[in-house]
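As a plain string of letters, each chain reads:
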Amino acid sequence: MHLKTGRYLFIVLLTLLVVAAGFFLLQRPLPEPYVSEAEPLFNRDSAFARVEELVTGYPQRDIYHPDGKAAALWLQEQLESLGLPVYTQQFSQYVKDEVVEGQENVYAVSRGSRFPDEIIVVSAHYDIPPFVYQGAGDNASSVGATLELARIFAAEEHNRTIVFLMSDSEEYGAMWGVVNFMEQFEDLDKVKAVLVLDSVPTTKIKAVAVRPVGLQQGYSPPWLRNLAAAAVSRETECSDPSPLFEWIERSVSINPTEAGIILRAGIPAVNLGGVPADPVKHQETYHTRFDTIDKLDIGDLEIFGRSAERALRALDEMPEIPRESMYYLKLGNRYLPHWAVALLQLLLFAPLACATFAGWRRANLDRIATGGAFWRELLRWLTFFGAGAAAFGVLKILPRIGWMVRYEIYPATQKDPVLYQPQYLPVLIVLGTAVAAGIILWLLFRRPAAPRPGDWTARKAALLTGLLVLAIAAWAFRAGFAAVTFLLLPAYLWPLIAPGGQVRRAVNLLLILAGSGMFFVFIVIFAMKYEIGVMWWYLLMAASYGMFSVQAILAVIAGFSLILVGLAVAWRSADPGARLEPGLHYEIKG
């Protein structure tokens, strides 16, 4: 069996057409969101007064300053004055190598009358970084809105139990406050939805964003996402991710808000945040000492608060909380259900499966020779993968033994000086570990034998097999969005490598390297979107603390190990012993 280039490209084109057709034919209309017809009672003067009292009375609510503890006590008093039972949760955390004690979540419970065992949580963090003063926009504005919602609902009968949570340590942890809330809250299994309120910018807002992405896994289910969007749309423009941006978000799954942690736990959640009309001007005040009350617009606070109230009323009034999968793709007012998304994602790798099968058939070697080529390539991949995995293991240990700055889950918050001051000792240790582990494995595997004349086609088939296995494994672990985003390009390009002369070798090397292009594009986009300082230092910390899951890191290591194997295969494509006329090739001479 033999798969010519033209036939392979036809399979690719046919696959893309089938998938495109599937995107249209398998769509389902989105259910109509539940909308509360009650007119919001949000009092902007009351909310603004609470914001002003918080930021002027406790302008340095960070983990080191006494204002943080005093603010927690003030929040207790505010909630108790509404006649609600108030609870606190104490916890500690690692911040820049030291254990910081005395963090405190504060929450009040307003019990429902019809469904008291169904809980809705409204969350807003009250802490700020130590280099910020007042933090009026981020996030006293949301605390004021949450206190106003607590005042409204404490004074009236409602269906479901509502928890009004003011969390600590969102900035440093990060999200450590909500992590501890979930660990200590005894009725977590009764929580049906979480509404996270995350800042009104101290510049004019043009919209309120519905942010549905989780951290490494989870996404706001369609019913909750649409409910929040419908609530916002009654007050102002709603910013909801487009299908392309949603695909990108789901591929990376990074959310610098509390909603990300909650979604990762499998609890439906959505984040509401103001969208600045002038992003450049917003960055001049965000996470700085200029985020002050004089810049907060009371009209913006009212829009944000009324949007949140509409969403909360809808959550409380709806007859039944739906149970929908978080794995879907929204397409305007329609969506692809989870089974359709998974099917189409898997189908996209059909050309790679065909090329892999054809490659093994085209090897035209006896079983021993073919098996030997595959085993040699596997040992090479294991050498690279083992070196990377060993380095990752050491990276996880370094903060715990005091050889690297330590935080919880996330690195230091955006614009923190630590992000701009990389530590080079842990970098050298990690690199040294990778080199040492690679040498040991190379010796352990008895120096994987050099390629033998005539086995190049089998080596290529082994490379494609590894890529196919990685793609299917990612898909099986519900990372199909990431599999398509990061692996589809190599899946379509790598089958085109073929033996030939020096020009063919150069083309092959470019095809292998081009396959990794999406990974680097996403790193650049991530660095441009967030104020993360020195990019490689931030990613190193994120991998160490657990912001990226172990599975995701190992998948990245596996992918880069395949790239190294692919480069070796591409380099050998010009050897005189390489088999000519493989299954897939261009007629290029060099």
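As shown above, the structure is provided for reference.
Remember, predicted model here, so these are calculated numbers, not experimental data.

1. Description of the sheet that holds strand 9 (residues 269–276)
Then comes step 1: Read across the open sheet, the eight strands follow the order 2-3-5-4-6-9-7-8; overall the sheet is mixed. The two strands at the open ends of the sheet, each matched to only one other strand, are strand 2 (86–95) and strand 8 (238–239).
Then comes step 2: The sheet contact formed by strand 4 (residues 115–125) and strand 5 (residues 160–167) spans eight bridges and is parallel. Bridge assignment links H125 to a residue of strand 5, and that residue is S167.
Then comes step 3: Sitting on the sheet, helix 3 (residues 66–80) is in contact with strand 2, strand 3 (98–110) and strand 5, with an inclination near 10 degrees to strand 3.
Then comes step 4: Across the sheet, helix 10 (residues 298–317) is in contact with strand 4, strand 5, strand 6 (191–197), strand 7 (205–211) and strand 9; its angle to strand 6 comes to roughly 175 degrees.

2. Re the sheet that holds strand 1 (residues 28–29)
Then comes step 1: Reading across the sheet, the three strands line up as 1-11-10 and stay open at both edges, with antiparallel pairing between neighbours. Each end of this open sheet is capped by a strand with a single partner; those strands are strand 1 and strand 10 (329–331).
Then comes step 2: Sitting on the sheet, helix 11 (residues 338–347) touches strand 1, strand 10 and strand 11 (334–336), and the angle it makes with strand 11 is about 55 degrees.

3. Section: the packing of aromatic side chains
Then comes step 1: Enumeration over the complete set of coordinates arrives at 20 aromatic pairs.
Then comes step 2: Their ring planes at 25 degrees and their centres at 5.3 Å tell us that Y87 and Y107 sit as a pair that is stacked. Linking Y87 in strand 2 with Y107 in strand 3, this pair joins segments that are 20 residues apart in sequence.
Then comes step 3: Of note, R250 hangs over the ring of Y219, and the distance from its end group to the ring centre comes to 3.9 Å.
Then comes step 4: Taking the ring centre of Y94 as reference, the NZ or CZ of R406 above it sits at 3.5 Å.

4. Let's talk about the packing of helix 2 (residues 44–57) against helix 4 (residues 136–154)
Then comes step 1: Here helix 2 crosses helix 4 at 130 degrees, and the two axes come no closer than 8 Å. One element, helix 2, and the other, helix 4, form an angle in the oblique class. Crossing handedness for the pair helix 2 and helix 4: right-handed. Along its contact with helix 2, which presents S46, A47, R50, V51, L54 and V55, the element helix 4 presents A136, A140, S141, V143, G144, L147, E148 and R151.
Then comes step 2: Of the residues contributing to the contact of helix 2 with helix 4, the split by class is eight nonpolar, three polar and three charged.

5. Comments concerning the pairing of strand 3
Then comes step 1: Across nine bridges, strand 2 lies against strand 3 in antiparallel orientation. Across the sheet, Q89 pairs through a bridge with N105, a residue of strand 3.
Then comes step 2: Two successive antiparallel strands, strand 2 and strand 3, enclose a turn made up of two residues, where K96 displays a positive phi of approximately 50 degrees.
Then comes step 3: Note that strand 3 and strand 5 share five bridges and pair antiparallel. Bridged to A108 within strand 5 is F164.

What counts and how
- Residues numbered from 1 in each chain as written.
- Predicted model: local features only at pLDDT ≥ 70, side-chain atom pairs only at ≥ 80, totals over all residues.
- Heavy atoms only, no water.
- Pairing = 2+ DSSP bridges.
- Helix = DSSP H or I, 4+ residues; strand = E, 2+ residues; numbered from the N terminus.
- Contact = heavy atoms within 4.5 Å.
- Axes fitted to C-alpha atoms, helices over the stretch in contact; angles between N-to-C directions.
- Phe/Tyr/Trp six-rings, centres within 6.5 Å; stacked < 30°, edge-to-face > 60°.
- Lys NZ or Arg CZ within 6 Å of the ring centre and 35° of its normal.
- Parallel < 35°, antiparallel > 145°, perpendicular 65-115°, else oblique.
- Left-handed = near helix turned anticlockwise from the far one by under 90°.
- Nonpolar A, V, L, I, M, F, W, Y, C, P; charged D, E, K, R; others polar.

Any functional reading would require information beyond the geometric quantities listed.
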